[in-house]
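# Structure assessment
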Amino acid sequence: MKDKANVSGLPEATTPTVADTNPTRRKLIQSIGSASILSLIDPMVKAGAWAAGSDAPEKTDVKVSFIALTDCSSVVMANHLNLDKKYGVKIIPTKEASWAAIRDKLVNGENDMSHILYGLVYGLQMGIGGQQKDMSVLMSLNNNGQAITLSKSLYQKGVTDGASLKALMDKEKRDYTFAQTFPTGTHAMWLYYWLANYGINPFKDAKIITVPPPQMVANMRSGNMDGYCVGEPWNARAIIDGIGFTAITTQAIWQDHPEKALGTTSDFAKKYPNTCRAVTSAILEAGKYIDSSTSNKHATAEVVSAPSFVNTDVSVIQDRMMGRYNNGIGKTWDDPHAMKFYNDGLANFPYLSDGMWFMTQHKRWGLLKEHPDYLAVAKKVNNIAIYKDAATASKTPLPKSDMRSSKLFDGVVWNGSNPAAYADSFKIKA
């Protein structure tokens, strides 16, 4: 019997006919057929940890939780565009109200994976911000696209940036309240880093509260806070509603910074590696779709603005997704470093140095009492092996190194080479 070509272009395995009833002969034929297929598979793909020698997803319906933020878009679009079906899975986007709910339902297995704060994953791994749980970062979902919003009442007193905020806080002594979205998360770290750069100790000079992203605008409107750090579209919403202005974007703090991750538990990644690879592949393709054209960004904004996802006007989402910024106090610009979902894969690779950075900040602010083995933890959490399989499957380019170097807005370079010294080097810390 000759091999037949299937839709993938690979020859199908020779299978026994009705006459092939001899178990030994059947086993031999099957093994020969399987071997012939495996010999044609790309060696990089074959190197992946495929369960039982098969690349079929072990679990096909996958609940991926998310928060109502623009950066959930690639998770939503992977399902909306049926890219998940291409890889043999069905992504079920599952909306949650807070990062605490995301954490709890991921850890207890109610949800399989999550659109999640990068720093939240590392907090769980280190036993801070929740009960210790071994975690896995499958990919970075996006870079950039968050901001620090200050109230219009501060602007009316002359505040336009960090330096003028510090001057007012020194002049008018009172309790100043700033909100982040989760104690170990990305928004907390951007807020603390920015305040400290201007001589404001977030824990000594201000009151820090935790507020879920969709509730930020309402809390500022009611006067509960002076400022907050959150993802879009809740910074743009404050400007449209006339209650706040953008003091700084997070990409201005750290160009192409890590933001949300696709996270799961280590147990899930070990039990369902093919499922993890399939979901990651589908989301990579969705990110590529979003980034590839203005029309695709418009289409994405239309989808994710729906009540079941972000639940706001599409216009609030699309401008900053396009990089069209208005800070609410007279400045407009086109930002080349707006939210990126793909960027030729550079936005998605789970760099070890990215994970290590969050631990350095956790140590800086006293959330970690001792220096961990930064590199060892990052290698344990960031699942580069599964990511590389997914990158191969989705034809996503890979960077040359598992580490990267960045200069933050204060001129300090982070490259992961000496994380303990970096964490201890800041003048303002816990």
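For the structure, check the block above.
Let's shift gears to the overall build of the protein. Each helix and strand counted, the protein has 20 helices and 14 strands in total. Across the 430 residues of the protein, 55% fall into the buried class. Surface exposure of the protein reaches about 17600 Å², of which carbon and sulfur atoms provide 51%.

This part is about the pattern of salt bridges. Should their charged atoms come close, side chains of opposite charge can pair. Taken as a whole and judged by the stated rule, the model has 18 salt bridges. Note that Glu285 is salt-bridged to Lys86, the shortest N-O span being 2.7 Å. Taken together, the positions of Glu285 in helix H14 (residues 273-291) and Lys86 in helix H4 (residues 83-86) put the pair 199 residues apart, joining distant regions of the chain. Where Arg404 meets Asp354, a salt bridge forms, and the shortest distance between an N and an O atom there is 3.0 Å. On the criterion of sequence distance, the pair formed by Arg404 in the loop between helix H19 (384-393) and strand S13 (406-407) and Asp354 in helix H17 (residues 352-364) is long-range, its members being 50 residues apart.

The next point concerns the packing of helix H6 (residues 118-125) against helix H18 (residues 374-381). Their axes nearest at 11 Å, the elements H6 and H18 cross at an angle of 110°. Classified by the angle between their axes, H6 and H18 sit roughly perpendicular to one another. Of the residues in H18, those in contact with Val121, Tyr122 and Gln125 of H6 are Val377, Ala378, Lys380 and Val381. Its residues placed into classes, the contact of H6 with H18 shows five nonpolar, one polar and one charged.

Let us look at the pairing of strand S6 (residues 177-180). Regular strands show a simple pattern: their side chains alternate between the two faces of the sheet. Both faces of S6 are covered, namely the face carrying Thr177 and Ala179 and the face carrying Phe178 and Gln180. Pairing analysis gives four bridges linking S6 to strand S7 (residues 207-210), with the strands arranged parallel. Counterpart to Thr177 in the pairing with S7 is Lys207. In this fold, the crossover linking S6 to S7 by way of helix H9 (residues 186-197) has right-handed handedness.

This part is about the sheet that holds strand S10 (residues 260-265). Spatially, five strands are ordered S2-S1-S3-S10-S4 in an open sheet, and the strand pairing comes out mixed. What marks the edges here is a single partner per strand, and that holds for strand S2 (90-95) and strand S4 (135-140). Sheet twist, expressed as the average angle between the axes of neighbouring strands with direction ignored, equals 30°. Here strand S1 (residues 61-66) pairs with S2 via six bridges, running parallel. Residue Ser65 lies in a different strand from S2, and its bridge partner there is Thr94. Of the strands in this sheet, S1, S2 and strand S3 (113-117) are in contact with helix H3 (residues 73-80), which crosses S2 at around 135°.

Conventions and cut-offs
- Numbers given for residues are sequential positions, taken from 1 along each chain in its written order.
- The predicted origin of the model limits local features to residues at a pLDDT of at least 70 and limits the giving and counting of side-chain atom pairs to 80 or more, whereas totals for whole chains, interfaces and linings rest on all residues.
- To obtain the side-chain values, all non-hydrogen atoms of the structure were used and water was disregarded.
- By definition, any uninterrupted DSSP run of H or I lasting at least four residues is a helix, any uninterrupted run of E lasting at least two residues is a strand, and each is numbered from the N terminus.
- Relative accessible area decides the class of each residue, using a 1.4 Å probe on protein chains only: under 20% of the type maximum gives buried, over 50% gives exposed, and in between gives partly exposed.
- Shrake-Rupley sampling with a 1.4 Å probe provides the accessible areas, and residues are treated as covered by the protein chains on show and by no other component.
- Within this document, salt bridges are pairs made up of a side-chain nitrogen of Lys or Arg and a carboxyl oxygen of Asp or Glu, the two lying within 4 Å of each other.
- The angle between two axes is taken between their N-to-C directions and runs from 0 to 180 degrees, where each axis is a line fitted to C-alpha atoms and a helix contributes only its stretch in contact.
- Roughly parallel means an angle under 35 degrees; roughly antiparallel means over 145; roughly perpendicular covers 65 to 115; every other angle is labelled oblique.
- Contacts are residue-level and defined by heavy atoms, with any inter-residue pair within 4.5 Å sufficient.
- Polar here means any residue outside two lists: the nonpolar Ala, Val, Leu, Ile, Met, Phe, Trp, Tyr, Cys and Pro, and the charged Asp, Glu, Lys and Arg; Gly therefore counts as polar.
- Only when DSSP finds a minimum of two bridges between them are two strands counted as paired.
- Whether a crossover is right-handed depends on one test, that the path from the first strand over the helix to the second runs clockwise when the strands point away from the viewer.

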